[in-house]
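Coordinate inspection notes
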Amino acid sequence: MTLPSTLVEPALPHAVGPVSATILDTLSRGRPTMHLRPIDVPIAEADPYGLDLQLALYVLYELHYRGFHAVNARWEWNPALLHLRGRLEDVFVGAVRRDVGDIAPDDTAEAEMDAISLEPVDGGGPSYHLRDHGTWEQMREYFVHRSLYHLKEGDPHAFAIPRLAGTAKAAFVAVEFDEYGGGRSDRVHQHLYAELMVAAGLDASYLGYIDHVPADALASVNLMSLFGLHRELRGAAIGHFASTEITSSPGSRRLVDALRRMDAPEPCVEFYAEHIVADAVHEQVVRTDVVGDLVAREPHLETDVIFGIRARDVVENRLADHVMQCWKEDRSSLRRPVG
Ligand SMILES: [Fe+2]
Ligand SMILES: [Fe+2]
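Residues numbered from 1 in each chain as written. Chains lettered and ligands numbered in written order. Predicted model: local features only at pLDDT ≥ 70, side-chain atom pairs only at ≥ 80, totals over all residues.

1. A few points about the overall build of the chain
The helix and strand inventory of the chain stands at 13 helices and 0 strands. Listing each helix as α and each strand as β along the chain from the N terminus yields α-α-α-α-α-α-α-α-α-α-α-α-α. A globule of 339 residues ought to have a C-alpha radius of gyration of about 20 Å, and the chain, at 19 Å, matches this closely. For the chain, the spread of C-alpha atoms along the three principal axes comes to 55 × 50 × 40 Å. Burial statistics for the chain: of 339 residues in total, 44% are counted as buried. If you take every contact in the chain between residues at least 6 apart in sequence, the share linking residues at least 24 apart comes to 82%. (Helix = DSSP H or I, 4+ residues; strand = E, 2+ residues; numbered from the N terminus. Rg over C-alpha atoms; globule rule 2.2 N^0.38 Å. Buried ≥ 20, exposed ≤ 12 C-beta atoms within 10 Å, placed from the backbone. Contact = placed C-beta atoms within 7 Å.)

Right under this line is the structure:
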């Protein structure tokens, strides 16, 4: 299948409030200086999970991935933007910590992984709904929500690689190697997702739907970037990664069932079918060799691993609740409808 040629560097999104407007305005100016002149934005009033803060954070993180077309690459390390990013992160992670709540001293990463590997046969989230009753239009919305992540799948977690050692590092890279197609560009999961988007009649461009998705879809990727970009949070990054791999296989099974029921194009089925098989193997590697080895090597990180797993749950549940609420009310879960 031929994919549309997409720019490596995506276009800047549109501002949605005072914080994102300030950042987008700053980036569209010329070459940045390395002086720290704090950027004044009204963060105190910003909703931690709101669209303005999440879009602002997404744009700042994107400077560490592909950047933006016609935006000077030196903005990545501009002290004023980093300072502002830190303030936004404090607001976001503060809300996530509040929603995760206390982690008991005797809670273990192993028990946490056991708990998330037992998914109910019937649940209330979008993949259950799509499997049993959802429409093809709702499935396409789901693809759009997930496009921000799957078109950069593997990348946010890859920031953790230099922070690991020994078996944890080797096993982590082995799993990531599969995400990146095992050396074959046509098997890179990002590429498989682009094929899914084209087959569903959607735009496969990287960040193509950043102006369509709601805050909770942005927060889902921002959480991974936050964990990946802070060495201090490497335990949480690994917990998030473990949770992603452990819950992927059963969730992908439901989506394959949904897509078969809808008689969807084969590339759409193929993406999730690949994840049923691959992630069942990844789960075992991640549990024992990545998390097990990390916790044995750095026992003080165990609480952070648990935090990463629970934080993912909090943020993903917000998106799931948003989508299901909209669908129950028979309206689009996107900010802007797709054609
Ligand atoms: Fe994958
Ligand atoms: Fe995987």
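So much for the structure itself; the text now carries on.
2. Some details on unusual backbone geometry
In most cases, non-glycine residues show a negative phi, while peptide bonds are predominantly trans. In this model, Ala70 sits at a positive phi of 65 degrees, which is unusual for a non-glycine residue. Among the structural elements, Ala70 can be located in the loop between helix H2 (51-62) and helix H3 (79-100). The backbone phi angle of Asp330 is positive, close to 60 degrees, even though this residue is not glycine. Inspection of the secondary structure puts Asp330 in the segment after helix H13 (302-328). C-beta crowding within 10 Å serves as the criterion here: with 6 such atoms nearby, Asp330 is assigned to the exposed category.

3. What to know about the environment of Ala237
When you line up the elements, Ala237 lands in helix H11 (residues 234-261). The class for Ala237 is buried, based on 30 C-beta atoms found within 10 Å. C-alpha of Ala237 to C-alpha of Ala219: the two residues are 18 residues apart in sequence and 15 Å apart in space. Look past the residues within four positions of Ala237 in its chain and what remains in contact with it is His157, Ala160, Phe227, Gly228 and Gly308.

4. What to know about the packing of helix H4 (residues 109-117) against H11
Orientation of H4 relative to H11, taken along the N-to-C sense of each, is 30 degrees, at an axis distance of 9 Å. The angle between H4 and H11 places the two elements in the roughly parallel class. H4 and H11 meet at a crossing whose hand is right-handed. Here Met113, Ile116 and Ser117 of H4 lie close against H11, whose contacting residues are Ala242, Ser243, Ile246 and Thr247. Residues that form the contact of H4 with H11 fall into these classes: 4 nonpolar, 3 polar and no charged. (Axes fitted to C-alpha atoms, helices over the stretch in contact; angles between N-to-C directions. Parallel < 35°, antiparallel > 145°, perpendicular 65-115°, else oblique. Left-handed = near helix turned anticlockwise from the far one by under 90°. Nonpolar A, V, L, I, M, F, W, Y, C, P; charged D, E, K, R; others polar.)

5. Quick look at the domain arrangement of the chain
Assigned domains within the chain: domain 1 (18-100) and domain 2 (109-328). For domain 1 and domain 2, the distance between their C-alpha centres works out to 24 Å. Contacts between the two partners involve 17 residues from domain 1, matched on the other side by 19 residues from domain 2. Elements that contribute at least two residues to the side of domain 1 that touches domain 2 include exactly H2 and H3. The residue inventory of the side of domain 1 that touches domain 2, partitioned by class, reads 11 nonpolar, 3 polar and 3 charged. (Domains from an automatic or database assignment.)

6. Quick notes on the environment of Ser252
One can find Ser252 in helix H11. When the C-alpha positions of Ser252 and Tyr272 are compared, they lie 5.0 Å apart, and in sequence the two are 20 residues distant. Excluding residues within four positions of it along the chain, Ser252 makes contact with Tyr272, His275, Ile276 and Asp279.

7. Brief notes about helix H12 (residues 266-297)
One turn of the α-helix equals 3.6 residues, which is why residues spaced by three or four share an orientation. Between its first and last C-alpha, H12 extends 43 Å over 32 residues, near the 46 Å set by a 1.5 Å rise per residue. At Val286, H12 shows its largest kink, close to 40 degrees. (Expected span 1.5 Å × (residues − 1). Bend = angle between axes of the 7 residues up to and from the residue.)

8. Considerations on the packing of helix H10 (residues 215-229) against H11
Across the interface, H10 lies against H11 with an axial gap of 7 Å and an inter-helix angle of 140 degrees. Comparing their axes, H11 and H10 come out oblique. Where H10 crosses over H11, the handedness of that crossing is left-handed. Contact residues: Leu223, Met224, Phe227 and Gly228 in H10; Ala236, Ala237 and His240 in H11. Of the residues in the contact of H10 with H11, the class split is 5 nonpolar, 2 polar and no charged.

9. Re helix H1 (residues 18-27)
For H1, the set of buried residues is Val19, Ser20, Ile23 and Leu27. Across the axial projection of H1, the buried residues extend over an arc of 90 degrees, all falling on one side. Buried residues along H1 sit in contact with H2. (Arc of directions from axis to C-beta.)

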